[in-house]
Every structure is written in structure tokens, then in C-alpha cells.
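# Results of the structural survey
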Amino acid sequence: MQMFVESIANKGYQFILIDCPAGIDVGFVNAIAASEEAIIITTPEITSIRDADRVAGLLEANGIYNVKLLVNRVRPDMIQTNDMMSVRDVQEMLGVPLLGAIPEDNNVIISTNRGEPLVLKRQLSLSGIALENAARRLIGKQDYLIDLDSPYKGVFQRVQDFFLGSED
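Residues numbered from 1 in each chain as written. Predicted model: local features only at pLDDT ≥ 70, side-chain atom pairs only at ≥ 80, totals over all residues. Heavy atoms only, no water.

## Overview of the overall build of the chain
Within the chain, the secondary structure is distributed over eight helices and three strands. Each of the 168 residues in the chain was classed as buried or not, and the buried ones make up 28%. The contacts of the chain with a sequence gap of at least 6 include a subset with a gap of at least 24, amounting to 67%. Roughly 11800 Å² of accessible area belongs to the chain as shown, and the carbon and sulfur atoms make up 54% of that amount. (Helix = DSSP H or I, 4+ residues; strand = E, 2+ residues; numbered from the N terminus. Buried < 20%, exposed > 50% of the residue type's maximum accessible area, 1.4 Å probe, protein only. Contact = heavy atoms within 4.5 Å. Areas by Shrake-Rupley, 256 points an atom, 1.4 Å probe, with all protein chains shown as cover.)

Here you go:
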């Protein structure tokens, strides 16, 4: 793996992303062998966070200290009703700097089930914006984090809140 990554790096690539297999086994150990930094991707579910915590410990044990966190499939409506942990809760539990948070997107599920690449639709989505912002932060650009702790309000809801008052 080390020689493979070095051969790619010698071609001038600044970033080489290696997607590790689920679970912590030989595939994971091989994938991190040539790593200098890592992104832990998790969902705000207890089992996923436990796995992410074990991964963070193994990365540190293998000398990989530059680690960032990406929280995926965040549902603001569930956070508001306390049915899902907030991004801040996940980040505090893991103690890893936050790279970004990606909201749940039904279009991702639909395109995956149909076997159609979502990017071909060329539609702007909140999850796409959040992912692009995380990529910008990865390369060192300061970009904002989208607030996923509160549910998204459309134009009509915001106008209604303005005239009738917000329930918040």
C-alpha cells in the first residue's frame, strides 16, 4: 500500500483518498498503513459513533494524529425532537475536530437504488453544498458550516414566521 500511494503521489496529486472497508480488520490496517491524516465519517447513531471512537483510537495508536470528523446523514427535524444526536454532541463525544456535517438527502437514496449518479441531475442540494464546503475546509479554505441543528425552513415558512411570529 505504501508503494502504491507513493507512486500516485509522485504523479503530483496533493490528496489521495482511500475509502476503508467497514469494520476494523486487515483491510482497515492496510488502508491506513500509508496514511498521514484521516477523515472519520460517521452518522449520529450510537453504534456508528462507537465504531468511530475505536477508529480514532487506532489511528492515534498508528501515529496518525491529523484526524478530522465528517458527520453524515444528519436530520435536523430529528435533532429538534431529541431523536438524534446533534453534530456538536457527536463531535464532543469523539473529541475530533469537525470538518463538516452532511444532511440526509432523499435524492441520494433514490439515485443509489436506481444506480444513477446523482451529479448528473445537476441540481443544487443542501447536502451537495455541505459536501463542497467540507472539501474546501479540507484544503485549508475557511468556509462556513451549515446549521443542521435546526430544521430547514423554506421561503413560505420564513414569510409566515415573519408575519405571524416564529414558534421558536
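## Some words on the nonpolar core
The tendency in soluble globular proteins is for nonpolar side chains to be buried side by side. I40, L59, V67, L69, V90 and L94 are the most contacted members of the largest nonpolar core, which has 22 residues in total. Sorting elements by how many residues they give to this core places helix α3 (residues 46-61) first, with five residues. Each residue touching L59, except ones within four places of it in the same chain, is listed here: F28, I32, A38, I40, I64 and V67. Ranked by size, the runner-up nonpolar core spans five residues in total, among them L70, L99, I102 and A130. (Core = buried A, V, L, I, M, F, W, Y, C linked by side-chain atoms within 4.5 Å.)

## Considering a nonpolar patch on the surface
On the surface, a cluster of nonpolar side chains totalling about 280 Å² of accessible area is made up of M1, F4 and I18. Examined against the element boundaries, M1 turns out to sit in the segment before α1 (2-9). Residue class for M1 comes out partly exposed when judged on its relative accessible area of 43%. (Patch = residues over 30% accessible without salt bridge, like charges linked within 9 Å, V, L, I, M, F, W, Y side chains within 5 Å. Salt bridge = Lys/Arg side-chain N within 4 Å of Asp/Glu carboxyl O.)

## Section: the pattern of salt bridges
Throughout the structure, instances matching the rule amount to four salt bridges. Ionic pairing is found between D51 and R54, a salt bridge with its closest N-O pair at 2.4 Å. One end of the pair, D51, and the other, R54, are both in helix α3, three residues apart, so they sit about a helical turn from each other. Between D77 and R75 there is a salt bridge whose closest N-O contact spans 3.1 Å. The exposure class assigned to R75 is partly exposed, which follows from its relative accessible area of 31%.

## Comments concerning the environment of S35
Here S35 is to be found in the loop between α2 (26-32) and β1 (37-42). Residue class for S35 comes out partly exposed when judged on its relative accessible area of 24%. As for S35 and N62, which are separated by 27 residues in sequence, their C-alpha atoms are 9.5 Å apart. Engagement of the side chain of S35 in a polar contact is seen with the backbone oxygen of A31, the distance being 3.3 Å. (Polar contact = N/O pair within 3.5 Å; in protein donor to acceptor, adjacent residues only side chain to side chain.)

## Focus: helix α7 (residues 126-138)
Between its first and last C-alpha atoms α7 spans 18 Å; for 13 residues at 1.5 Å apiece the expected length is 18 Å, and the two agree. For α7, the set of buried residues is S127, A130, N133, A134 and R137. Taken down its axis, α7 places every buried residue within 125 degrees of arc, on the same side. Residues of α7 that are buried make contact with β2 (66-74) and β3 (98-103). Trailing α7 by a residue or two, G140 shows a phi angle of about 100 degrees, which is positive. (Expected span 1.5 Å × (residues − 1). Arc of directions from axis to C-beta.)

## Brief notes about the packing of α3 against helix α5 (residues 87-94)
At a minimum axis distance of 10 Å, the contact between α3 and α5 shows a crossing angle of 35 degrees. By crossing handedness, the relation of α3 to α5 is classed as right-handed. On α5, the residues touching I49, A52 and D53 of α3 are V90, M93 and L94. Split by residue class, the contact of α3 with α5 holds five nonpolar, no polar and one charged. (Axes fitted to C-alpha atoms, helices over the stretch in contact; angles between N-to-C directions. Left-handed = near helix turned anticlockwise from the far one by under 90°. Nonpolar A, V, L, I, M, F, W, Y, C, P; charged D, E, K, R; others polar.)

## Section: unusual backbone geometry
With glycine set apart, most residues show a phi of negative sign, and most peptide bonds adopt trans. Residues other than glycine seldom take positive phi values, yet R73 does so here, at roughly 60 degrees. Examined against the element boundaries, R73 turns out to sit in strand β2. A positive phi angle is found at N82, which is not glycine, with a value near 60 degrees. With respect to the element layout, N82 can be found in the loop between α4 (76-80) and α5.

Geometry only, nothing functional implied.
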